[in-house]
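# Summary of structural features
These are the residues of each chain, in order.
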Amino acid sequence: MPLYAYRCADCADFEIQAPMASVPEAEPCPECGTPAPRRFTAPNLSRSSSSAYKLIESTARTASEPAVVSSPGGLRPAGAGITRNPLHQKLPRPD
Ligand SMILES: [Zn+2]
């Protein structure tokens, strides 16, 4: 659900989450309770929500704090590449 900003005349700005279909034009202030009119803001296009920014940040983070893993990734476990098919015994072997 999108965030909508409201501004109380006496207190501070606050935000509520509301479904787009039922956005109230005024919302009671959480501090004093007086109805606060809706404040129109720019669309919340956060740079941190883009996947490109997440990739850049995670790549930069590996330089200073590499991820701790319990096993080397990408390597096959021992014995995983061995076939049990008897027909494979007849295949030519490297010298
Ligand atoms: Zn208030």
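In the block above lies the structure referred to throughout.
Here is a short report on the structure shown in this document. (Residues numbered from 1 in each chain as written. Predicted model: local features only at pLDDT ≥ 70, side-chain atom pairs only at ≥ 80, totals over all residues. Heavy atoms only, no water.)

## Some thoughts on the coordination of the zinc ion
Geometry sets the ideal angles at a metal, namely 109.5 degrees for four tetrahedral donors and 90 or 180 degrees for six octahedral donors. All of the protein donors around the zinc ion are Cys 8 (SG), Cys 11 (SG), Cys 29 (SG) and Cys 32 (SG); their distances to the metal are 2.2 to 2.5 Å. Coordination at the zinc ion is tetrahedral: its 4 donor atoms span angles of 105 to 113 degrees at the metal. Site description for the zinc ion: donor spacing in sequence, C-x2-C-x17-C-x2-C. Of this pair, Cys 11 sits in the loop between β1 (3–7) and β2 (13–17) while Cys 32 sits in the loop between β3 (26–28) and β4 (35–39), and the two are 21 residues apart along the sequence. Of the residues examined, Cys 11 reaches a relative accessible area of 29% and is grouped as partly exposed. Of the residues examined, Cys 32 reaches a relative accessible area of 38% and is grouped as partly exposed. (Donors = N, O, S within 2.8 Å, 3.2 Å for Na, K, Ca; no water. Tetrahedral: all angles 85-135°; square planar, octahedral: opposite > 155°, others 65-115°. Helix = DSSP H or I, 4+ residues; strand = E, 2+ residues; numbered from the N terminus. Buried < 20%, exposed > 50% of the residue type's maximum accessible area, 1.4 Å probe, protein only.)

## Comments concerning the packing of aromatic side chains
For the coordinates displayed, the defined rule picks out 1 aromatic pair. For the pair Tyr 6 and Phe 14, a centre-to-centre distance of 5.7 Å together with 20 degrees between the ring planes defines the contact as stacked. No difference in accessibility class separates Tyr 6 from Phe 14, as the two residues are buried. (Phe/Tyr/Trp six-rings, centres within 6.5 Å; stacked < 30°, edge-to-face > 60°.)

## What about the sheet that holds β2?
What the 4 strands build is an open sheet, ordered β2-β1-β4-β3; its pairing is antiparallel. Two strands close off the open sheet at either side, each with one partner strand: β2 and β3. On average, each strand axis in the sheet is tilted by 45 degrees relative to the strand beside it, whichever way the strands run. Sheet topology note: the β3/β4 ladder contains 3 bridges and is antiparallel. Residue pairing in the sheet places Pro 28 in a bridge with Pro 35 of β4. (Pairing = 2+ DSSP bridges. Axes fitted to C-alpha atoms, helices over the stretch in contact; angles between N-to-C directions.)

## Considerations on the pairing of β1
Both β1 and β2 contribute to a ladder of 5 bridges, which runs antiparallel. Residue Ala 5 lies in a different strand from β2, and its bridge partner there is Glu 15. Between β1 and β2, which pair antiparallel and follow one another directly, the connecting turn spans 5 residues. Note that β1 and β4 share 2 bridges and pair antiparallel. Across the sheet, residue Ala 5 finds its bridge partner in β4, namely Arg 39.

## Structural notes on the pattern of salt bridges
This structure, assessed with the given rule, holds 2 salt bridges. With a shortest N-O distance of 2.8 Å, Asp 13 and Arg 7 are connected by a salt bridge. Exposure remark for Asp 13: the relative accessible area of 34% places this residue in the partly exposed category. Judged by its relative accessible area of 42%, Arg 7 falls in the partly exposed class. As a salt-bridge pair, Asp 13 and Arg 39 come within 3.1 Å of each other at their nearest N and O atoms. Here the residue Asp 13 occupies a position in strand β2, and Arg 39 occupies one in strand β4, the gap between them amounting to 26 residues. By relative accessible area, which is 26% here, Arg 39 ends up partly exposed. (Salt bridge = Lys/Arg side-chain N within 4 Å of Asp/Glu carboxyl O.)

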